[in-house]
Amino acid sequence: MKEEPGYYDYWPYENRPKIKWPNGARVALWVAPNIEFYELNPPANPQRAAWPQPYPAVGGYSIRDYGNRVGHTRQMQLLEKYGIRGSISLSTALCDHHPEIIDMCKERNWEFFSHGIYNTRYTYGMSEEQERDMIRDSIETIYKHTGQKCAGYLAPALSHSEYTLDLFAEAGTELFGNDAGFYTCDLFHDDQPTPIHLRSGKRFVSIPYSLEMNDTIAYVVNKVEPRRYGQMIKDNFDRLYQEGAESGTIMCIPTHNYQVSCPHRLRAFEEALEYITGHSDVWITTGKEIAQHFLDNHYDTVNDDIASKIVGAK
């Protein structure tokens, strides 16, 4: 068992090479709707129960069903109003259970990236072969139903193994070469993209995905009120916008259609989006576009800078 993940090196925030976004934008904004499927009675995992309640967890199951029935449409209309294309963290079982949602997202050219198959089936306890098969299945399903070569990964319910990123990158390469499997949002360690160490040596990047701006963390874990959550989003943006004048930053808003799309919460979210998109020097984009831009324009420079600082520290 590793003492630390080993995916990246320590890289101080100050004196980094300047990151430039298209058209001189200070901040790259991406919104990541988690569109998930939960099973009422999934296979048992000895390391983590799918539901905190005894079977049947009708309340937890049905509010998530509300998200796919009602909340998704409500959120999609709001994002469309502000010119935001979603980057979907997709439980790929949704392709079979609710293909109409997939069709709506395809019509709007949203990105699909893998969030595993079901959000009630965890990586914990899987063998390396089992996890490889699960990841490969999710990539193949996205391509089959959307025509997209899956670029990014967020582990189902944030459940990882020591090999998760290696397996995702390798599966992407095996299926589609360098056009797939090249970014993760499973690491929460920075406000700028970071090169990631993989056993294959593939060029791979972590892009910021904020747990603090995640609506489930805000509402369920930290128990903040909608107005406070909206203000948190604005405050987060203001700081990243200020620092982005020196070197480009990334702001991610991860959402869930059964959280932020509830009627009493939507107004605060809309006001935050209106505030952010009211700034002209914001690149409204997707996770894949951010990762690709970084790989094409900054990856090598950043990698060299990290290496020089490691040598200098020694």
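(A) The arrangement of the overall build of the protein chain in detail. A tally of helices and strands in the protein chain yields 10 helices and 9 strands. Reported as C-alpha extents along the three principal axes, the dimensions of the protein chain are approximately 60 × 45 × 35 Å. Out of the 314 residues belonging to the protein chain, those deemed buried represent 53%. Contacts in the protein chain between residues at least 24 apart in sequence constitute 77% of all its contacts with a sequence separation of at least 6. Across the protein chain, 31 positive and 43 negative side-chain charges occur, with their mean positions spaced 4 Å apart.

(B) Spotlight on the packing of helix α7 (residues 226-243) against helix α8 (residues 263-277). Axis separation between α7 and α8 bottoms out at 8 Å; the angle between their running directions is 15°. When the axis of α7 is compared with that of α8, the two are roughly parallel. Helix-helix and strand crossings are classified by hand; for α7 and α8 the assignment is right-handed. Touching Pro226, Arg227, Gly230, Ile233, Lys234, Phe237 and Asp238 of α7 are His264, Arg265, Ala268, Phe269, Glu271, Ala272, Tyr275 and Ile276, all from α8. Class assignment of the residues belonging to the contact of α7 with α8 gives a composition of 8 nonpolar, 2 polar and 5 charged.

(C) Structural detail: the packing of aromatic side chains. One pass over the structure, following the stated rule, counts 17 aromatic pairs. Each ring, one from tryptophan 21 and one from tryptophan 283, has its centre 5.6 Å from the other, and the planes form 40°; the classification is tilted. Taken together, the positions of tryptophan 21 in the segment before β1 (27-35) and tryptophan 283 in strand β9 (residues 282-284) put the pair 262 residues apart, joining distant regions of the chain. Exposure remark for tryptophan 21: the relative accessible area of 3% places this residue in the buried category. Here tryptophan 283 falls in the buried class, since its relative accessible area comes to 15%. Taking 6.3 Å as the distance between ring centres and 55° as the angle between the ring planes, the aromatic pair formed by phenylalanine 182 and tyrosine 183 counts as tilted. Residue phenylalanine 182 shares its accessibility class with tyrosine 183, and that shared class is buried. Between arginine 26 and the ring centre of tyrosine 241, over which it is positioned, the NZ or CZ distance is 4.2 Å. Directly above the ring of tyrosine 219 sits arginine 265, whose terminal nitrogen or CZ lies 4.0 Å from the centroid.

(D) Broad picture of empty space enclosed by the protein. Using the criterion set out here, one finds 2 cavities of 30 Å³ or more in the structure. Around the largest cavity sit Glu36, Phe37, Tyr38, Tyr61, Arg64, Asp65 and Asn68, which together line it. In terms of residue class, the lining of the largest cavity is made up of 3 nonpolar, 1 polar and 3 charged. Estimated volume of the second largest cavity: approximately 40 Å³. Every residue lining the second largest cavity is listed: Asn34, Glu36, Tyr38, Arg64, Asn68, Asn257 and Tyr258.

(E) Representation of the nonpolar core. Residues Trp30, Leu90, Tyr183, Ile233, Met251 and Ile253 are the most contacted members of the largest nonpolar core, which totals 85 residues. In terms of residues, this core owes the most to one element, β1, which gives 7 residues.

(F) Geometry of the side chain of serine 87. With respect to the helices, strands and loops of the structure, serine 87 is situated in strand β2 (residues 87-90). Other than its neighbours up to four places away in sequence, serine 87 contacts Trp30, Val31, Ala32, Pro33, Glu111, Phe113, Thr286 and Gly287.

(G) Looking closely at the state of the cysteines. Considering all chains together, one arrives at 0 disulfides under this definition. Here cysteine 95 is not cross-linked by a disulfide; its sulfur's nearest cysteine counterpart is in cysteine 105, at 9.9 Å.

The rules behind each value
- Residues numbered from 1 in each chain as written.
- Predicted model: local features only at pLDDT ≥ 70, side-chain atom pairs only at ≥ 80, totals over all residues.
- Heavy atoms only, no water.
- Helix = DSSP H or I, 4+ residues; strand = E, 2+ residues; numbered from the N terminus.
- Buried < 20%, exposed > 50% of the residue type's maximum accessible area, 1.4 Å probe, protein only.
- Contact = heavy atoms within 4.5 Å.
- Lys, Arg positive; Asp, Glu negative; His and termini not counted.
- Charge placed at Lys NZ, Arg CZ, Asp CG, Glu CD.
- Axes fitted to C-alpha atoms, helices over the stretch in contact; angles between N-to-C directions.
- Parallel < 35°, antiparallel > 145°, perpendicular 65-115°, else oblique.
- Left-handed = near helix turned anticlockwise from the far one by under 90°.
- Nonpolar A, V, L, I, M, F, W, Y, C, P; charged D, E, K, R; others polar.
- Phe/Tyr/Trp six-rings, centres within 6.5 Å; stacked < 30°, edge-to-face > 60°.
- Lys NZ or Arg CZ within 6 Å of the ring centre and 35° of its normal.
- 1 Å grid on protein atoms, 1.4 Å probe; cavity = no way out; pocket = protein on both sides within 12 Å on 5 of 7 lines; lining within 4 Å.
- Points joined across faces, edges and corners; volume = space filled by probe spheres on them.
- Core = buried A, V, L, I, M, F, W, Y, C linked by side-chain atoms within 4.5 Å.
- Disulfide = S-S within 2.5 Å.

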